[in-house]
Amino acid sequence: MEYKILNLVIDAFALLLSFVFSLFLRFNFIFTHVDIEWYIYSFLIIMVIDLLVLYFKGIYEKNFSSVLEQVSIIFEGLIYSTSLYIIISYSIKNTIFSRLTLGYFIILSFIFQVIGKYIVLYLRKTDYSRGKGLINTIVIGEIQPFSEHLLKDINSKHEFGLNIIGVIDGKATDNKGFDYIGDIRDLEKILSEKDIKAVIITSKVDNVERIIDYCFSKYISIYTFGNAINLMDYPVEILFIKDIPILKIKDVLISGPTARLKRLMDFALSLLLIIILSPLLILISILIKVTSPGPILFRHKRLGLNGKLIDVYKFRTMVVNAQEVLERILAENPELREEYEKTFKLKNDPRLTKIGKFLRKTSLDELPQLFNVIKGDMSLVGPRPIVLEEINMYKEHGKYLLRVLPGVTGLWQVSGRNDVDYEERIKMDMHYIMNWNLWLDVNILFKTIPAVLKRNGAY
């Protein structure tokens, strides 16, 4: 059964049921003095917005093991949808929708949607108990007494839809009733041949980082418990079986339907902005050309998805021999060298042209990056595109940074830009990567305009 579709249908039905009950409680279905047509339009507006918010928040993508994990998302969906509806109704000066009816609708929608999540979860777990929809899973490492009971619980109750088919260890020892299916040195071959979609790491093993990276590259889910891995190096979400925490390592790769929707949004908005801003782009190009010798655009090598070097476009804001000037300045000024080594920028950069200073201050120099987005090298929202030398500063976080497209704007750009120290920038990039959803992208895009106008931290 396709639970994503069922989940969506049940949410839509819950909202419809709430609407009908709200009308009954408020009007007893007597609509003599009610514009019922506008009520129907209002319901459709709220329903569409609510379902979009839930979709953007990932409620139809993840297989939640508990309804409690979804309650806050349901609440957010109702708050955003009703708030936007109120804004729309006031904008078009049509506020005849009864506030009491709206109150009934919000309360009933929340209750019915939560009930719907219980129904979906029950149906999914029923399928799991019958052996339907399970994914092949292997255990990596030794099975201790504590993990033995937990693994048997996972395999008998199929709490997460896992079907443990065997154990991979360095040696064929007593595996507590689970089949021994091979040596850890043959891991990649076993994962492929057995169609493995999840692994459970139960103890410390050699080259665990390589194992995790390989599993991520093949879209294989990774679970662990105890001290099998260094949790400081990985983002995790906590699941529970009998109140015992099971840790699932989060893959930060943006994939699936939401990734396609993000790409569609990137392409459509970038194309629209290029068309709208084309007179400004032409004007800036002319000003650059007539005020200083050299090309209009500046191409700078940055790290893109999976560490690929990409050309990031900007309007040229510096003199043509900027690199030579930089080397001379840094050689002559130890303080400037220290500043540059910390942030890879200079606050009062003498290489800037007159028009370049204005473009930097207003962030207009970054408009050509819209063409990077069209090409697919960048996203409208993402972590900062960094130069090769910077990747070492991200330390263990570097491998996550390179699993997503860099962005034209992001949390750093809307949070003070160069006024934020480098360590804080890294934290912001990591926060975005670990908590990404389309709704976060939308929020950042809306915050980018006032951030640019305020010019905080831009230089």
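For the structure itself, consult the block above.
Residues numbered from 1 in each chain as written. Predicted model: local features only at pLDDT ≥ 70, side-chain atom pairs only at ≥ 80, totals over all residues. Heavy atoms only, no water.

## A closer look at the overall build of the protein chain
Logical step 1: Looking only at helices and strands, the protein chain has 15 helices and eleven strands in total.
Logical step 2: Over its C-alpha atoms, taken along the principal directions, the protein chain stretches across nearly 80 × 75 × 35 Å.
Logical step 3: Every one of the 459 residues in the protein chain was classed for burial, and the buried ones make up 47%.
Logical step 4: Across the protein chain, the fraction of contacts at a sequence separation of at least 24, relative to all contacts at a separation of at least 6, is 70%. (Helix = DSSP H or I, 4+ residues; strand = E, 2+ residues; numbered from the N terminus. Buried < 20%, exposed > 50% of the residue type's maximum accessible area, 1.4 Å probe, protein only. Contact = heavy atoms within 4.5 Å.)

## Some thoughts on the nonpolar core
Logical step 1: By size, the foremost hydrophobic cluster in this structure holds 56 residues, and its most contacted members are V199 and I212.
Logical step 2: The contact partners of I212, leaving out residues within four places of it in the chain, are I201, I222, I229, Y234 and I249.
Logical step 3: Membership of the second largest hydrophobic core comes to 25 residues, among which are L23, F64, F105 and L121. (Core = buried A, V, L, I, M, F, W, Y, C linked by side-chain atoms within 4.5 Å.)

## A word on empty space enclosed by the protein
Logical step 1: All chains considered together, the criterion is met by two cavities of 30 Å³ or more.
Logical step 2: Its volume calculated, the largest cavity comes out at about 40 Å³.
Logical step 3: Taken together, L303, P383, R384, P385, I386, L401, L402, V404 and P406 make up the lining of the largest cavity.
Logical step 4: Split into classes, the residues belonging to the lining of the largest cavity amount to eight nonpolar, no polar and one charged.
Logical step 5: Empty space within the second largest cavity amounts to approximately 30 Å³.
Logical step 6: Taken together, F19, S22, F43, I46, F97, T101 and F105 make up the full set of residues lining the second largest cavity.
Logical step 7: Listed by contribution, the elements that provide at least two residues to the lining of the second largest cavity are α1 (3-27), α2 (36-56) and α4 (99-129).
Logical step 8: Of the residues that constitute the lining of the second largest cavity, the class distribution is five nonpolar, two polar and no charged. (1 Å grid on protein atoms, 1.4 Å probe; cavity = no way out; pocket = protein on both sides within 12 Å on 5 of 7 lines; lining within 4 Å. Points joined across faces, edges and corners; volume = space filled by probe spheres on them. Nonpolar A, V, L, I, M, F, W, Y, C, P; charged D, E, K, R; others polar.)

## Details of unusual backbone geometry
Logical step 1: Even without being glycine, N207 reaches a positive phi, approximately 55 degrees.
Logical step 2: Mapped onto the elements, N207 comes out in the loop between β4 (198-201) and α7 (208-217).
Logical step 3: If you check the backbone angles, S363 has positive phi at about 65 degrees while not being a glycine.
Logical step 4: Inspection of the secondary structure assignment puts S363 in the loop between α11 (354-362) and α12 (369-375).
Logical step 5: A relative accessible area of 12% means that S363 is categorised as buried.

## Points about the packing of aromatic side chains
The geometry of an aromatic ring pair comes down to the distance between the two centres and the angle between the two planes.
Logical step 1: One pass over the full model with this rule turns up seven aromatic pairs.
Logical step 2: The interplanar angle of 35 degrees and the centroid separation of 6.4 Å between the aromatic rings of W38 and Y85 together place this pair among those described as tilted. Here W38 is found in helix α2, whereas its partner Y85 is found in helix α3 (residues 68-91), with 47 residues between them in sequence. Each of the two residues, W38 as well as Y85, counts as buried.
Logical step 3: Taking 6.5 Å as the distance between ring centres and 90 degrees as the angle between the ring planes, the aromatic pair formed by F75 and F110 counts as edge-to-face. Separated by 35 residues along the polypeptide, F75 in helix α3 and F110 in helix α4 bring together distant segments of the chain.
Logical step 4: Taken together, the ring pairs in this structure connect F19, F43 and F105 into an aromatic cluster. (Phe/Tyr/Trp six-rings, centres within 6.5 Å; stacked < 30°, edge-to-face > 60°.)

## Some details on the packing of α1 against α2
A packed helix pair is summarised by two numbers, namely the angle formed by the two axes and the spacing between the axes.
Logical step 1: Viewed as axis vectors pointing N to C, α1 and α2 meet at an angle of 145 degrees, and their least axial separation amounts to 11 Å. Considering how the two elements wind past one another, α1 and α2 form a crossing that is right-handed. Together, L8, D11, A12, L15, L16, F19, L23 and F27 of α1 and I36, Y39, I40, F43, M47, D50, L51 and L54 of α2 make up the contact between the two elements.
Logical step 2: Split into classes, the residues belonging to the contact of α1 with α2 amount to 14 nonpolar, no polar and two charged. (Axes fitted to C-alpha atoms, helices over the stretch in contact; angles between N-to-C directions. Left-handed = near helix turned anticlockwise from the far one by under 90°.)

## Considerations on the pairing of strand β7 (residues 244-249)
Logical step 1: Pairing of strand β5 (residues 221-224) with β7 involves three bridges; the strand directions are antiparallel. Counted as the bridge partner of I222 is I249 from β7.
Logical step 2: Taken together, the six bridges between strand β6 (residues 236-241) and β7 define a ladder with antiparallel strand orientation. Bridged to I238 within β7 is L247. (Pairing = 2+ DSSP bridges.)

## Details of the environment of K197
Logical step 1: Its location among the elements puts K197 in the loop between α6 (187-193) and β4.
Logical step 2: For K197, a relative accessible area of 38% puts it in the partly exposed group.
Logical step 3: Separated by 122 residues in the primary sequence, K197 and V319 have C-alpha atoms spaced 53 Å apart.
Logical step 4: With near-sequence residues (within four places) excluded, K197 lies in contact with I135, N136, Y219, I220 and S221.

## Describing a nonpolar patch on the surface
Logical step 1: Nonpolar side chains collect at one region of the surface, where F13, L16, V20, F24, L25 and F29 lie side by side and expose about 550 Å² of accessible area between them.
Logical step 2: Among the secondary structure elements, F13 is positioned in helix α1. (Patch = residues over 30% accessible without salt bridge, like charges linked within 9 Å, V, L, I, M, F, W, Y side chains within 5 Å. Areas by Shrake-Rupley, 256 points an atom, 1.4 Å probe, with all protein chains shown as cover. Salt bridge = Lys/Arg side-chain N within 4 Å of Asp/Glu carboxyl O.)

## Some thoughts on α11
Logical step 1: Looking at α11, one finds that the buried residues are I355, G356, L359, R360 and T362.
Logical step 2: Downstream of α11 by a residue or two, S363 has a phi angle that is positive, lying close to 65 degrees.

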